[in-house]
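Here is what each chain is made of, one letter per residue.
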Amino acid sequence: MTTTMTIAEPGAPAPRRRQKHLGVDSFPPQIRSFAEVSQNVRTLGLLERTPWFYLTVGIALAVAFAGCIAGFVLLGDSWFQLLIAAGLGIIFTQVAFLSHEAAHRQILATKKGNDRLSLILGVGVVGMSYSWWDSKHSRHHANPNKVDRDPDIATGAIVFLEEDAGKDRGIWKLITKYQGWAFFPLLTLEGLNLHYQSIAHMVSRGKVKNRWTELTLITVRFTALLVPLFILLPLGMAFAFLGVQLAVFGVYMGASFAPNHKGMPVIARDAKIDFFSKQVRTSRNIRGGWWATWLMGGLNYQIEHHLFPSMSRPHLAKARELVMAKCKDLDVPYTETSLWRSYAIVIDYLNRVGLAARDPFDCPMMAEFRRA
């Protein structure tokens, strides 16, 4: 079972640098090894773009969208429309994967081209603010699972650190107590939350990159979705359609991102750790091969994605072999498990964190002592 721990290095002072230029052989083992893996990755061409793959994915998603539109029109006033809603939730998530890959410069040859593509897909199709997500996600990649540095473990509806669990009050304390079991039900609201956070960011008083472009795109997006929905369907059915679409989108998004880091080691706020160890130790891969890659948009190779963020999805499996071999040489833990096992780990971890929100005699272990 994967456990949560705090990584911290000894407090010995760093050696004084006497040279401005050091050879690779003079680097610490992890740094030297990452340089070697990076060289092998480049030699094998694993950082090259794969335009035909992404063109195929794009065409497949466009056909799927067209099928949903045709089905929506043909079904008319029917509760079978909820199947179309679920399909749209899945398609929007798959487009979000593409937006994520474009933001990491994986699809097109230029930074500007990838940024524009991610903006169009993320805001114009999915309905999420690119500037909000990019800032948040960049901070996560720089410091995964690091206290006070990774926004993905910041306190929200779900609490990821024991030190934060005891701070909740009222209804939130009750949720935190059993948050592991509540995690997946709460994901049904995550789609709505992502849209809310995005719009709140766009209209905030602070500086927002491409504010008016994003506001225009998201307005067009919601108009194209909501106007036909509420014109062509009865009011109750239209709300049900929207609810199913948002629920499926939220659960699919959350279920794809949650296995990657939740329940993996947490790095203390003042700890210093090399890039290779930090990215490998805090990330978890999901077994499954090609089907997991399609299901999770390449996020199943989370370790390789964090080591090589600009690597295209089709190359991640080959990079996995190189990284696994190097981790074995260095005795660095490389975590890989099944999708269902990862969910069990996440639920168990969140419940253990939630124990900190319970009263001392509300702990299951203490309850056993009371009954003895």
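Analysis parameters
Residues numbered from 1 in each chain as written. Predicted model: local features only at pLDDT ≥ 70, side-chain atom pairs only at ≥ 80, totals over all residues. Heavy atoms only, no water. Helix = DSSP H or I, 4+ residues; strand = E, 2+ residues; numbered from the N terminus. Buried < 20%, exposed > 50% of the residue type's maximum accessible area, 1.4 Å probe, protein only. Contact = heavy atoms within 4.5 Å. Areas by Shrake-Rupley, 256 points an atom, 1.4 Å probe, with all protein chains shown as cover. Patch = residues over 30% accessible without salt bridge, like charges linked within 9 Å, V, L, I, M, F, W, Y side chains within 5 Å. Salt bridge = Lys/Arg side-chain N within 4 Å of Asp/Glu carboxyl O. Expected span 1.5 Å × (residues − 1). Arc of directions from axis to C-beta. 1 Å grid on protein atoms, 1.4 Å probe; cavity = no way out; pocket = protein on both sides within 12 Å on 5 of 7 lines; lining within 4 Å. Points joined across faces, edges and corners; volume = space filled by probe spheres on them. Nonpolar A, V, L, I, M, F, W, Y, C, P; charged D, E, K, R; others polar. Core = buried A, V, L, I, M, F, W, Y, C linked by side-chain atoms within 4.5 Å. Phe/Tyr/Trp six-rings, centres within 6.5 Å; stacked < 30°, edge-to-face > 60°. UniProt positions renumbered as here; feature names shortened; annotations may be inferred.

### Regarding the overall build of the chain
Helices and strands together make up the secondary structure of the chain, namely 17 helices and four strands. In the chain, which comprises 372 residues, the share counted as buried stands at 47%. The long-range share in the chain, meaning contacts at least 24 apart out of those at least 6 apart in sequence, stands at 71%. By element, 64% of the accessible surface of the chain is carried by carbon and sulfur atoms, the whole surface being about 19,400 Å².

### Examining a nonpolar patch on the surface
On the surface, a nonpolar cluster with roughly 600 Å² of combined accessible area is contributed by Ile171, Trp172, Leu174, Tyr178 and Trp181. Broken down by element, the nonpolar patch gets its largest block of residues, three residues, from helix H7 (residues 170–177). Given the relative accessible area of 38%, Tyr178 is considered partly exposed.

### Examining helix H9 (residues 190–202)
Counted at 1.5 Å a residue, the expected span for H9 with its 13 residues is 18 Å, and the 18 Å between its end C-alpha atoms agrees. Within the span of H9, buried status applies to Gly191, Leu194, His195, Ser198, His201 and Met202. Around the axis of H9, the buried residues are gathered within 130° of arc, so they sit on the same side. The secondary structure elements touched by the buried residues of H9 are helix H4 (111–126), helix H5 (130–142), helix H8 (179–187), helix H10 (211–232) and helix H11 (235–257).

### Details of the layout of surface pockets
In this structure, the largest pocket spans a volume of roughly 1,100 Å³. Together, 38 residues line the largest pocket, and Lys136, Phe160, Glu190, Asn193 and Leu194 are the ones closest to its centre. Looking at the lining of the largest pocket residue by residue, the classes come out as 20 nonpolar, 14 polar and four charged.

### A closer look at the nonpolar core
Nonpolar side chains tend toward joint burial in soluble globular proteins. Among the nonpolar cores identified, the biggest contains 40 residues, and Val95, Leu98, Met128, Leu229, Leu233, Phe241 and Phe249 are the most heavily contacted of them. Counting residues per element, the ones that place at least two in this core are helix H2 (51–75), helix H3 (81–103), H4, H5, H9, H10 and H11. Setting aside its immediate chain neighbours within four residues, Leu98 contacts Tyr54, Val57, Leu61, Ile107, Leu121 and Arg313. Within the second largest apolar cluster, 17 residues are counted, among which are Val41, Leu46, Phe308 and Cys327.

### Points about the packing of aromatic side chains
Applying the stated criterion across every chain yields a total of 12 aromatic pairs. Ring plane angle 75° and centroid distance 5.8 Å describe the contact between Phe72 and Phe241, whose orientation is recorded as edge-to-face. Of the two residues, Phe72 sits in helix H2 while Phe241 sits in helix H11, which places them 169 residues apart along the sequence. The pair formed by Phe72 and Phe241 is uniform in burial state, with each residue classed as buried. Here Phe183 and Phe184 contribute two aromatic rings whose centre-to-centre distance is 5.2 Å and whose plane-to-plane angle is 80°, an arrangement assigned as edge-to-face. The class for Phe183 is buried, based on a relative accessible area of 8%. What makes Phe184 partly exposed here is its relative accessible area of 22%. The rings of Phe34, Phe275, Phe276 and Phe308 are connected pair by pair, giving a single aromatic cluster.

### Thoughts on the UniProt feature "transmembrane region" (unreviewed entry) in the chain
When the UniProt feature table is mapped onto this chain, "transmembrane region" (unreviewed entry) is found at residues 52–73, 79–97 and 215–233. Across residues 52–73, helical content stands at 100% and strand content at 0%; the span's end C-alpha atoms are separated by 32 Å. Between the C-alpha atoms that bound residues 215–233 there is a distance of 27 Å. The span itself is 95% helix and 0% strand.

### Side note on empty space enclosed by the protein
Enumeration according to the criterion identifies three cavities of 30 Å³ or more in this entry. The space that makes up the largest cavity amounts to roughly 130 Å³. Every residue along the wall of the largest cavity is listed here: Ala96, Ser99, His100, Ser118, Gly122, Val126, Met128, Ser129, Tyr130, Trp133, Met253 and Phe257. Contributing elements (two or more residues each) for the lining of the largest cavity: H3, H4, H5 and H11. A breakdown of the residues in the lining of the largest cavity according to their chemical character gives seven nonpolar, five polar and no charged.

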